[in-house]
Amino acid sequence: IHLHAPFFGAQELLAVMMWFGWKPRRLVVTYHMDIVASGFVKIVAAISRRFFLPTIIRRADAIVVSSKSYAETSWLKDHWLVVSPKLFVIPFSVDTVTFFTIEKKVIKEKIQIIFVATLDRPHYFKGLSLLLRSLSSLKERNDWVLNVVGDGELRKGYEEEAKSLGLEHKVKFHGRVSDGVLPEVFRDSDLHIVASIDRSEAFGLVTLQAQASGIPSIVPDLAGVVDAIEENKTGLIFKTGNEKSLVETLTRVLDDKHSMIVMGHSARERAMRLYSKDAHLCALKEIYSDTTT
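Residues numbered from 1 in each chain as written. Predicted model: local features only at pLDDT ≥ 70, side-chain atom pairs only at ≥ 80, totals over all residues. Heavy atoms only, no water.

*Asks:* What's the story with the packing of helix 5 (residues 128–136) against helix 6 (residues 155–164) in this structure? I'm lost.
*Replies:* What describes two packed helices is the angle between their axes and the distance between those same axes. Put simply, helix 5 and helix 6 touch, their axes get as near as 10 Å, and they point 15 degrees apart. Considered as vectors, helix 5 and helix 6 are oriented roughly parallel to each other. Pair helix 5 / helix 6 crosses with right-handed handedness. For the pair helix 5 and helix 6, the contacting residues are Leu128, Ser129, Leu132 and Arg133 in the first and Tyr158, Glu161 and Ala162 in the second. (Axes fitted to C-alpha atoms, helices over the stretch in contact; angles between N-to-C directions. Helix = DSSP H or I, 4+ residues; strand = E, 2+ residues; numbered from the N terminus. Parallel < 35°, antiparallel > 145°, perpendicular 65-115°, else oblique. Left-handed = near helix turned anticlockwise from the far one by under 90°. Contact = heavy atoms within 4.5 Å.)

In structure tokens form, the structure reads like this:
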């Protein structure tokens, strides 16, 4: 069994079955993220963390995480003596064939900034409001456009917020795009931004998609998220939730547009080297082999 946690319902059932003596031939657990929430979801997460997660961690033959920095600061730290000997770091992968770059990028008059996220309540943490407020400080500049890709019940509210900030002509909401179109949208972009505000963001697959497309990313200094880039080489880092820090980082890039092209080339090379699907699958095969003994 390969369990992707958190997976409420399935993970609790698995723990209960093991309490009553059932034992899987092998159990691999991919620990994706802590649950930072409120209300009923927060209560469910707390119960699962206290009563069920310890069993799953103890019985697992291997525990997979996308980054060690996130694991060390996550709920796993409460069981670190058990976790550490069977911890494997396997970052997410990206299709470097589907997501590719244009070799000869040029500096555009208007930098195309891309933000990709689901705009619904479960993804409140993506930080679009923070990004909009930050960009409102730069609205007098005529050298950027923000393209928001994604849809959900919060989209209308974000559109109204952009309008209230005077950004209606500088922020374009494209809605959800198909998997076939998304790589093209990335290739047409110059800069990618992750604006997430808490630990619900554990890594950031979109950052890998951006790198494979040859564009740099600006990301918050969240554990795990920062591991997806190499600072000053494939992207830049700002203080999580800090509007001033994000404005300063954006200004730095916009004032040195050539750096985006340089970092973009390095980003593509890094994606090819570290995040290919072949590398990911080879690592999984090794773990499956190790846990059969």
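*Asks:* Just checking my understanding: could you explain the packing of aromatic side chains for this structure?
*Replies:* Two measures describe an aromatic ring pair: the distance that separates the ring centres and the angle between the ring planes. For the structure shown, the criterion picks out 5 aromatic pairs. Ring geometry for Trp19 and Phe52: centres 5.3 Å apart, planes at 15 degrees, overall stacked. With Trp19 in helix 1 (residues 10–19) and Phe52 in helix 2 (residues 39–59), this residue pair connects regions lying 33 residues apart in the sequence. The partly exposed category is assigned to Trp19, whose relative accessible area is 43%. Taken together, a centroid distance of 5.6 Å and an interplanar angle of 85 degrees make the contact between Tyr124 and Phe125 edge-to-face. Looking at Tyr124, the relative accessible area reads 34%, which means it is partly exposed. The structure contains a cluster of three or more aromatic residues connected by ring pairs, namely Phe92, Phe203 and Tyr275. Taking the ring centre of Trp144 as reference, the NZ or CZ of Lys170 above it sits at 4.7 Å. (Phe/Tyr/Trp six-rings, centres within 6.5 Å; stacked < 30°, edge-to-face > 60°. Buried < 20%, exposed > 50% of the residue type's maximum accessible area, 1.4 Å probe, protein only. Lys NZ or Arg CZ within 6 Å of the ring centre and 35° of its normal.)

*Asks:* Honestly, helix 8 (residues 205–212) in this entry has me stumped. Any pointers?
*Replies:* Along an α-helix, a turn takes 3.6 residues, which lines up residues three or four apart on a common side. Across the 8 residues that make up helix 8, a large majority, 7, are buried. Within the sequence span of helix 8, burial applies to Val206, Thr207, Leu208, Gln209, Ala210, Gln211 and Ala212. In the core, the buried residues of helix 8 are packed alongside strand 5 (111–116), helix 7 (182–187), strand 8 (191–193), strand 9 (217–220) and helix 10 (258–274).

*Asks:* Mind showing me how you'd approach the layout of surface pockets here?
*Replies:* If a probe as big as a water molecule is rolled over the atoms, it shows which places are left empty. Estimated volume of the largest pocket: approximately 970 Å³. Of all the secondary structure elements, the ones that give two or more residues to the lining of the largest pocket are strand 5 and helix 8. Ranked by residues supplied to the lining of the largest pocket, first place goes to helix 8 with 3 residues. For the lining of the largest pocket, the class distribution of residues is 24 nonpolar, 11 polar and 7 charged. Each pocket or cavity is described by its volume, and for the second largest pocket that value is around 180 Å³. Along its surface, the second largest pocket is lined by 13 residues, and His4, Thr30, Ile90, Phe92 and His280 are the ones closest to its centre. Contributing elements (two or more residues each) for the lining of the second largest pocket: strand 1 (2–5), strand 2 (28–31), strand 3 (62–65) and helix 11 (277–290). Per-class residue counts for the lining of the second largest pocket are 6 nonpolar, 7 polar and no charged. (1 Å grid on protein atoms, 1.4 Å probe; cavity = no way out; pocket = protein on both sides within 12 Å on 5 of 7 lines; lining within 4 Å. Points joined across faces, edges and corners; volume = space filled by probe spheres on them. Nonpolar A, V, L, I, M, F, W, Y, C, P; charged D, E, K, R; others polar.)

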